[in-house]
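So the chains spell out like this:
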Amino acid sequence: MPLEKNYSPKEVEERIYEQWESSNAFACGKTASDETYTIVIPPPNITGSLHMGHALNNTLQDILIRYNRMLGKDTLWQPGTDHAGIATQMVVERQMQAEGITRHDLGREKFIERVLDWKAESGGNITKQLRRLGASCDWDRERFTMDAGLSKAVQKVFVQLHKEGLIYRDKRLVNWDPLLHTAISDLEVENKEQTGKMWYFKYPIEGQDGKFVTVGTTRPETMLGDTGVAVHPDDDRYTDLVGKNVVLPLVGRLIPIVADDYADPEKGSGAVKITPAHDFNDFDVGKRCKLDIINVLDHNACMNDNTPENFHGLDRFEARDVVVKLMDGLGLLEKIEENPMTVPYGDRSGVVIEPWLLDQWFVDAKVLAKDAIKAVEDGRTTFHPKTYENTYFEWMRNIQPWCVSRQIWWGHQIPAWYGPDGTPFVENSEADAQVAADKHYGKSVKIERDPDVLDTWFSSALWPMSTLGWPDDNPDVGRYYPTDCLVTGFDIIFFWVARMMMMGLHFMDEVPFKDVYIHALVRDEKGQKMSKSKGNVTDPLDLIDQFGSDAVRFTMTAQAVQGRDVKLSISRIEGYRNFVTKIWNAARYAEMNECVPSADFDPAAVQLTVNRWIIGKTAEAVSAIEKSIENYRFNEAADAAYHFTWGLFCDWYLEFTKPILNGDDDAAIFETRATMAWTLDQILHMLHPIMPYVTEELWTQITDRDGMLMLTAWPNLKGLENAQAAAEMDWVERIISSVRAVRSEMNVEPKVKVTLLLKDASEETLARLDTHRDLIHRMARVETSGALEGPVEKGSVSTVLGEATLVLPMSGVINVDAERARLEKEIAKLTPEIMKYEKKLSNPGFTSKAPAAVVEEQRVRMEGMKSEKAKLEDALGRLAEL
């Protein structure tokens, strides 16, 4: 059955993917090869849906997997999803809020059931969407971070780290989210630049009527928890006051004046109020100076019973207004100043985060980080681009204790039980904890489990090993760990990459992955970050519906330049959809010319120069793609495939061979048909990792095959390169292109044929001209050609090609005066436009204020105009010679 006239992605993609999945084509363990290749998918949140970042990330992973699968390796692309503790609980609680109930109405067990019901109904959307993209994951091995096996791994790690002293419980300040009622990590805090206020309060010095110490604060409500005032030890203004007390206004508490380096003599009055329970720096000062710690906020960020009675229950911001009003009334408000400041917000709740004193569980990340730092220093794990290693080192060398407890219900409940006096017993089961508690107290006691759950990133940190069956004795762990490459975004180097490194090295004594490929952001075509508020978010599923998955994937790949953000342009996707169409039409052309693949075809045995040329170029293209993929230069792989397929094969080879296929030399026709069919097959192979659907469909449709393209071997074409054929046919390509360029510059009408003369040409060049004269005449619209005898005729245009000069007489071919007028008009039109851009781009007022993407866009536009003007001026110069 002949190929359809048009390729229909929507119809083909669904059918092809179903064939792949139903035949178990994605499964690992299907080859006896000792060489494995493993990638673990960055597990998307079950609350998530596919966005452009996922499209880029998973396209690149799929390229690596498909390529290595075709190399014959036992490939595993481990899929799965993350339970996303806070995010998922928020989604379910919003649903319940609409029903007028809370999780507390249900109780913990019923609430967990409710979340699991939601997951069963809506939690798998993103894996269905990944299938639309063409992701060839081993779906039968799909895991979830709350699976029994993964939960077992989490419990083992927590218990073991606790027994090793690397997990401990401590009362510390945490980032408290008063809306979600949980601690969050530093990485989940979004710091926003704002202009706030600095209030200057006067604190009366004990026993010195009329004398005060002035302190500045951006959070007046926290003064109710002040337990000291700090001054710098070398600040002479306060030397005599160190050791004395001030009276805390509104409260009446005496608090000491202490000397500490934290106070900056150059800032404000040089004296700083210290609230150890509500500021991270103050907490450290309080510990050094042995100050009291008084918490004045409850879990809702309302004032608690440690404040004067008139403040009880007030929201923190209401309390702020009351404090300022009362201090002003007492004459203790010295002044108020505008103050640029950074305010911490929860990245999920969107509310201001409070430093809050709480008993929490911490991982001693500093100890675990040592081996993880050394592994990258030693090259056991390599980042691509390598510059991201500096980002990794910067964070790891300054790492802080990792707070892993969260005050929510959805997640891995911490395996700790408390005795009557609050002593924790960390064990693998309640029974083990009961035994430990009874032994500790010398009698049977009642124990109660810690209600908190672990940070989502704790279970994610175990992903490369837990998904393979660890800690059980599973042969997959030995076969597929360590994994080969992690593909991820730069924004989770700290959240995830670093923590997997720490856990993998500690528990497996081996890095979790050999390479880490960090891809950049996907932005809109103006270079702006996509956001709902800007209205510039693009849904990849909409693009797939409109253009097909292959076009979207190729666009992502072609723009995946290491270290450079992707500027997503619809016109680029349209262009690559046209590329899909070009491939389809090339296959139809081959079919119409009876080009059918033959198992007996030997590419090394072809005789015709044009066929030896395309076979050699095919080998070069395959080699270039191999090298690019293996070096994570995905854009270069796409570029090599595109230029070979569209440029060399479609634009040149198909045109070069038309006279052969339309001729009467049966041997030449037979060889050319076989070569064309073979080359098209190699194109399907080399494009398959990037464009799996159209290539698989053509592989199936062109002829009867045994097996799918995705499971066939990657081409091994080494030794087929042919320098002699390449030199000859490349020369033909260049001479045709040179004549076409002159015709275009001189505005020669397409129907008009020109004369082509070669000056100072070598015998080899003239022999090539003689061999390929008919081809050159047809493709360059040349009437006659040959060696130039005598001087160059006036009115000729010349251009250099190798050792020869190409001479094209223009007399009678174009109207010189009319052409000169046209060129001068175009140049005159471009000149003021270029000047306008130059003026704009030399103005610091524009370049310093406009977004960098806008400035770059204007610069590119100006350079394009300059390039066009230079071409026109060159053509005008040629005319002057006529």
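Definitions and limits used
- Residue positions are counted from 1 within each chain, in the order its sequence is given.
- For this predicted model, a pLDDT threshold of at least 70 governs which residues receive local features, and a threshold of 80 or more governs which side-chain atom pairs are given and counted, while totals over whole chains, interfaces and linings are taken from all residues.
- Derived side-chain values reflect all non-hydrogen atoms in the structure, with water molecules and hydrogen atoms excluded from consideration.
- By definition, any uninterrupted DSSP run of H or I lasting at least four residues is a helix, any uninterrupted run of E lasting at least two residues is a strand, and each is numbered from the N terminus.
- Between buried and exposed lies partly exposed: a residue is buried under 20% and exposed over 50% of the maximum accessible area for its type, with that area taken using a 1.4 Å probe on protein chains only.
- Whether two residues are in contact is decided by their heavy atoms, any of which lying within 4.5 Å being enough.
- Per-residue accessibility takes into account occlusion by the displayed protein chains alone, with areas from the Shrake-Rupley method and a 1.4 Å probe.
- Charge counting treats Lys and Arg as positive and Asp and Glu as negative, with His and both chain ends excluded.
- In plain terms, the charge of a residue is placed at NZ if it is Lys, CZ if Arg, CG if Asp and CD if Glu.
- Expected span of a helix, by definition, is 1.5 Å for each gap between consecutive residues, and there is one gap fewer than residues.
- Paired strands, in this sense, are two strands between which DSSP finds at least two bridges.
- Every angle, taken between N-to-C directions, lies between 0 and 180 degrees, and every axis is a line fitted to C-alpha atoms, over only the stretch in contact when it is a helix.
- Each angle receives one of four descriptions, namely roughly parallel if under 35 degrees, roughly antiparallel if over 145, roughly perpendicular if within 65 to 115, and oblique otherwise.
- Left-handed is the label given to a crossing in which the near helix is rotated counterclockwise from the far helix by less than a right angle, and right-handed is the label when the rotation is clockwise.
- Take a side-chain nitrogen of Lys or Arg and a carboxyl oxygen of Asp or Glu: if they are within 4 Å of each other, that pair is a salt bridge.
- We define a polar contact as two N or O atoms separated by no more than 3.5 Å, with the added condition that, inside protein, one atom must be a possible hydrogen donor and the other a possible acceptor, whereas residues neighbouring each other in sequence contribute only through side-chain atom pairs.
- Ring pairs are drawn from Phe, Tyr and Trp, using the six-membered ring of Trp, whenever the two centres fall within 6.5 Å, and their geometry is named by plane angle: stacked under 30 degrees, edge-to-face over 60, tilted for the rest.
- Over a ring means this: the NZ of a Lys or the CZ of an Arg is within 6 Å of the ring centre and within 35 degrees of the ring normal.
- Directions are taken from the helix axis to each C-beta atom, and the arc is the one they span.
- Basically, the charged four are Asp, Glu, Lys and Arg, the nonpolar ten are Ala, Val, Leu, Ile, Met, Phe, Trp, Tyr, Cys and Pro, and anything else, Gly included, counts as polar.

Student: How should I be thinking about the overall build of the chain in this particular structure?
Tutor: Across its full length, the chain carries 30 helices and 29 strands. Taken along the three principal axes of its C-alpha coordinates, the chain extends 115 × 65 × 55 Å. Looking at the chain residue by residue over its 882 residues, the buried ones come to 53%. Considering only residue pairs separated by 6 or more positions, the chain has 76% of its internal contacts joining residues 24 or more positions apart. In the structure as shown, the chain presents an accessible area of about 39700 Å², 48% of it carried by carbon and sulfur atoms. Of the charged side chains in the chain, 101 are positive and 137 negative, and the gap between their average positions amounts to 3 Å.

Student: When you look at helix α7 (residues 148-163) in this model, what are you seeing that I'm missing?
Tutor: Turn by turn, an α-helix covers 3.6 residues, leaving residues three or four places apart pointing in a common direction. The end-to-end C-alpha distance of α7, which contains 16 residues, comes to 23 Å, matching closely the 22 Å that a straight helix rising 1.5 Å per residue would cover. Restricting attention to buried positions, one finds in α7 the residues L150, A153, V154, V157, F158, V159 and L161. Where α7 terminates, the next one or two residues include G165, which has phi positive at roughly 80 degrees.

Student: Whenever I open this one, the sheet that holds strand β9 (residues 228-231) confuses me. Can you help?
Tutor: Adjacent strands of a sheet pair through backbone hydrogen bonds, lying either parallel or antiparallel. Spatial strand order, β10-β11-β9-β12: 4 strands in an open sheet with mixed pairing. This sheet does not close on itself; its edge strands, each paired only once, are β10 (245-247) and β12 (271-274). Taking the axes of each pair of neighbouring strands and ignoring which way they run, one obtains an average angle of 30 degrees across the sheet.

Student: Looking at this structure, I do not really get the packing of helix α10 (residues 365-377) against helix α11 (residues 388-396). What am I missing?
Tutor: The relative placement of two packed helices comes down to the angle between their axes together with the axis-to-axis distance. Contact pair α10 / α11: the axes reach a minimum separation of 10 Å and the direction vectors enclose 160 degrees. In this view, α10 runs roughly antiparallel relative to α11, as classed from their interaxial angle. For the pair α10 and α11, the sense of crossing is left-handed. Facing α10, whose interface residues are A369, A372, I373, V376 and E377, α11 presents E389, Y392, F393 and M396.

Student: Sorry if this is basic, but what is going on with the sheet that holds strand β19 (residues 424-426) here?
Tutor: Ordered in space as β19-β18-β20, the 3 strands form an open sheet in which the pairing is antiparallel. The open sheet has two edge strands with one neighbour each: β19 and β20 (448-449). The pairing of strand β18 (residues 416-418) with β19 spans 3 bridges and is antiparallel. Directly across from A416, in β19, lies its bridge partner V426.

Student: Is there a simple way to think about the pattern of salt bridges in this case?
Tutor: Two side chains bearing opposite charge may form a pair once their charged atoms approach each other closely. Evaluation of the coordinates by the stated rule reveals 48 salt bridges. E11 is the salt-bridge partner of R15, the closest N and O atoms lying 3.0 Å from each other. Taken as a pair, R15 and E11 lie in helix α1 (residues 9-22) at a separation of 4 residues, close to a single helical turn. Residue classification places R15 among the partly exposed positions, given a relative accessible area of 28%. The partly exposed category is assigned to E11, whose relative accessible area is 43%.

Student: Would you explain the environment of T456 in this entry?
Tutor: Examined against the element boundaries, T456 turns out to sit in helix α13 (residues 456-460). For T456, a relative accessible area of 14% puts it in the buried group. Separated by 373 residues in sequence, T456 and H83 have C-alpha atoms that sit 7.3 Å apart. Residues contacting T456, with those up to four places away along its chain left out, are D82, H83, A84 and G85. Looking at T456, its side chain comes within polar contact range of the main-chain nitrogen of G85, at 2.9 Å.

Student: Would you take a moment to explain the packing of aromatic side chains for this structure?
Tutor: How two aromatic rings sit relative to each other is given by the distance of their centres and the angle of their planes. The final tally for this structure, using the stated rule, is 33 aromatic pairs. On the numbers, 6.0 Å between centres and 65 degrees between planes, the contact of F425 with Y441 is edge-to-face. One end of the pair, F425, is in strand β19; the other, Y441, is in helix α12 (residues 430-441), and 16 residues separate them in sequence. Judged by relative accessible area, which is 8%, F425 ranks as buried. Given a relative accessible area of 23%, Y441 falls into the partly exposed group. Seen from their ring centres, W652 and F656 are 5.5 Å apart, and the 45 degrees between their planes marks the pair as tilted. Taken together, the residues span about one helical turn, with W652 and F656 both in helix α21 (residues 634-656) at a distance of 4 residues. Judged on exposure class, the residue W652 and its partner F656 are both buried. Aromatic ring contacts, followed pair by pair, group F554, Y576, F579, Y642 and W646 into a single cluster. A cation over a ring is seen here: R499 above W402, with NZ or CZ 4.1 Å from the ring centre. Over the aromatic face of W699 sits the side chain of R705, whose NZ or CZ is 3.6 Å from the ring centroid.

Student: When you look at helix α5 (residues 108-122) in this model, what are you seeing that I'm missing?
Tutor: In this model, α5 (15 residues) spans 21 Å end to end at C-alpha, consistent with the 21 Å of a helix rising 1.5 Å per residue. Regarding α5, the residues found buried are F111, V115 and W118. Relative to the axis of α5, the buried residues are bounded by an arc of 55 degrees and lie together on one face. Away from the buried face of α5 by more than 90 degrees, exposed residues E109, D117, A120 and E121 are located. Its buried side turned inward, α5 meets α3 (85-98) and α4 (103-106).

Student: When you look at the environment of L769 in this model, what are you seeing that I'm missing?
Tutor: Along the polypeptide, L769 turns up in helix α26 (residues 763-771). On the basis of relative accessibility, which here comes to 1%, the residue L769 falls in the buried class. Residues L769 and I735, spaced 34 residues apart in sequence, show a C-alpha to C-alpha distance of 9.4 Å. Aside from chain neighbours lying at most four places away, what touches L769 is W731, L758, I776, S785 and G786.

Student: When you look at unusual backbone geometry in this model, what are you seeing that I'm missing?
Tutor: With the exception of glycine, most residues fall at negative phi, and the peptide bonds are largely trans. Residue H384 is joined to P385 through a cis peptide bond whose omega torsion reads -5 degrees. Of note, P385 is situated in the loop between β15 (382-384) and α11. Cis rather than trans, the peptide bond between W470 and P471 has omega equal to 15 degrees. By secondary structure assignment, the location of P471 is in the loop between α14 (463-466) and α15 (475-480). Its identity as a non-glycine residue notwithstanding, N24 has a phi of 60 degrees, on the positive side.

Student: What should I look at first to understand the packing of α21 against helix α27 (residues 773-780) in this one?
Tutor: Two numbers describe how α21 lies on α27: the axes approach to 11 Å, and their chain directions differ by 130 degrees. Classified by the angle their axes make, α21 and α27 are oblique. The two elements α21 and α27 cross, and the hand of that crossing is right-handed. Across the interface between the two elements, D651, W652, E655 and F656 of α21 pack against L775, R778 and M779 of α27. Taken together, the residues of the contact of α21 with α27 sort by class into 4 nonpolar, no polar and 3 charged.

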